[in-house]
Amino acid sequence: MQSQKSIREFYKQFSEKTGDTVNSVVLAKISGVPSFVLNQVGLSYPKGQDFLWGLLILGEKDIHFFVHPSEGLLVSMFRATGNGEAPKEQYVRIEKSSLADISPEPVRKSLIPLFSPQPKVILISFYTPQSEKITLPFEPINGLKKIMPLFDAYKTK
């Protein structure tokens, strides 16, 4: 029961903070994106990693990616003794008006289709305020089959 209350509280706080209502939340990973591209949208990989786990939040108005600040115990101890900075919350808002495309990553031709029969990544392309097109690959934990229909509302402008 506490879990449901925490989820409702998160939704409420998120809505107050962003002015957008949460429709759906999906745990997703971004990887394989050069750091300079992530930096353009205000994201960065944690030190020593080349991936970011976060919540892909489908709002009534826009798409959001929220990364909760976290680190392992050992990393935390080294950071504390070295007077390093604690990890920070990361967030990017992809406005519906800036969307260029939402599509599954194309499946590469493979000799063994059993290992990669379906795409696992959704590509979300959008334009920055400087009119630069950026594509971010999101790998949802639940798989694309259940998730793709949730993006239909964003495809129609």
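Structure: see above.
The structure presented is a predicted model; accordingly, all values stated were derived computationally and were not measured.

1. Structural notes on the overall build of the chain
In terms of helices and strands, the chain carries five helices and seven strands. Ordered by position in the sequence, the α and β elements of the chain form the string α-β-α-β-β-α-β-β-β-β-α-α. Burial status across the chain gives 31% buried among its 157 residues. Of all intrachain contacts in the chain linking residues separated by at least 6 positions in sequence, the fraction that spans at least 24 positions is 57%. Summed over its atoms, the accessible surface of the chain is roughly 10,400 Å², and 57% of this surface lies on carbon and sulfur atoms.

2. Quick look at the environment of Y154
Mapping Y154 onto the fold places it in helix α5 (residues 152–155). Relative accessible area serves as the criterion here: at 5%, Y154 is assigned to the buried category. The contact partners of Y154, leaving out residues within four places of it in the chain, are L58, G59, K61, D62, I63, K96, L99 and I102. Engagement of the side chain of Y154 in a polar contact is seen with the backbone oxygen of G59, the distance being 2.4 Å.

3. Let's talk about the pattern of salt bridges
This structure, assessed with the given rule, holds three salt bridges. E139 is the partner of K29 in a salt bridge, and the nearest nitrogen-oxygen pair spans 4.0 Å. Here K29 is found in strand β1 (residues 22–31), whereas its partner E139 is found in strand β7 (residues 133–140), with 110 residues between them in sequence. We classify E139 as partly exposed; its relative accessible area is 29%. Put simply, D62 and R93 hold a salt bridge, and the shortest N to O gap is 2.7 Å. Remark: R93 occurs in strand β4 (residues 90–94) and D62 occurs in the loop between β2 (51–59) and β3 (63–67); sequence separation between them is 31 residues.

4. Regarding the packing of aromatic side chains
On inspection of all chains with the given rule, the structure shows six aromatic pairs. Aromatic rings pair up to connect F10, Y11, F14, F66 and Y91 into one cluster.

5. Focus on the nonpolar core
In a soluble, globular protein the nonpolar side chains are often hidden away together inside. In this structure, L56, I63, I124 and F151 are the most contacted members of the largest nonpolar core, which totals 30 residues. Setting aside residues no more than four positions away along its own chain, L56 makes contact with S24, V25, V26, A28, I63, H64, F65, I124, F138 and F151.

6. Notes on a nonpolar patch on the surface
Together, L27, W53 and I141 make up an exposed nonpolar region whose accessible area comes to about 280 Å². Within the fold, W53 resides in strand β2. On the accessibility criterion, W53 (39% relative accessible area) is partly exposed.

7. What to know about the environment of K88
Considering the arrangement of structural elements, one finds K88 in the loop between α3 (73–81) and β4. It is 5.0 Å that separates the C-alpha atoms of K88 and P69, two residues lying 19 residues apart in sequence.

8. Topic: the sheet that holds strand β6 (residues 122–127)
Pairing is antiparallel across the open sheet formed by seven strands, whose spatial order is β4-β3-β2-β1-β7-β6-β5. What marks the edges here is a single partner per strand, and that holds for β4 and β5 (99–104). Taking each pair of neighbouring strands and ignoring which way they run, the sheet shows an average axis angle of 30°. Pairing between β1 and β2: nine bridges, direction antiparallel. Within β2, the position partnered with K29 by the bridge is W53.

Each value, and the rule that gives it
- Residues numbered from 1 in each chain as written.
- Predicted model: local features only at pLDDT ≥ 70, side-chain atom pairs only at ≥ 80, totals over all residues.
- Heavy atoms only, no water.
- Helix = DSSP H or I, 4+ residues; strand = E, 2+ residues; numbered from the N terminus.
- Buried < 20%, exposed > 50% of the residue type's maximum accessible area, 1.4 Å probe, protein only.
- Contact = heavy atoms within 4.5 Å.
- Areas by Shrake-Rupley, 256 points an atom, 1.4 Å probe, with all protein chains shown as cover.
- Polar contact = N/O pair within 3.5 Å; in protein donor to acceptor, adjacent residues only side chain to side chain.
- Salt bridge = Lys/Arg side-chain N within 4 Å of Asp/Glu carboxyl O.
- Phe/Tyr/Trp six-rings, centres within 6.5 Å; stacked < 30°, edge-to-face > 60°.
- Core = buried A, V, L, I, M, F, W, Y, C linked by side-chain atoms within 4.5 Å.
- Patch = residues over 30% accessible without salt bridge, like charges linked within 9 Å, V, L, I, M, F, W, Y side chains within 5 Å.
- Pairing = 2+ DSSP bridges.
- Axes fitted to C-alpha atoms, helices over the stretch in contact; angles between N-to-C directions.

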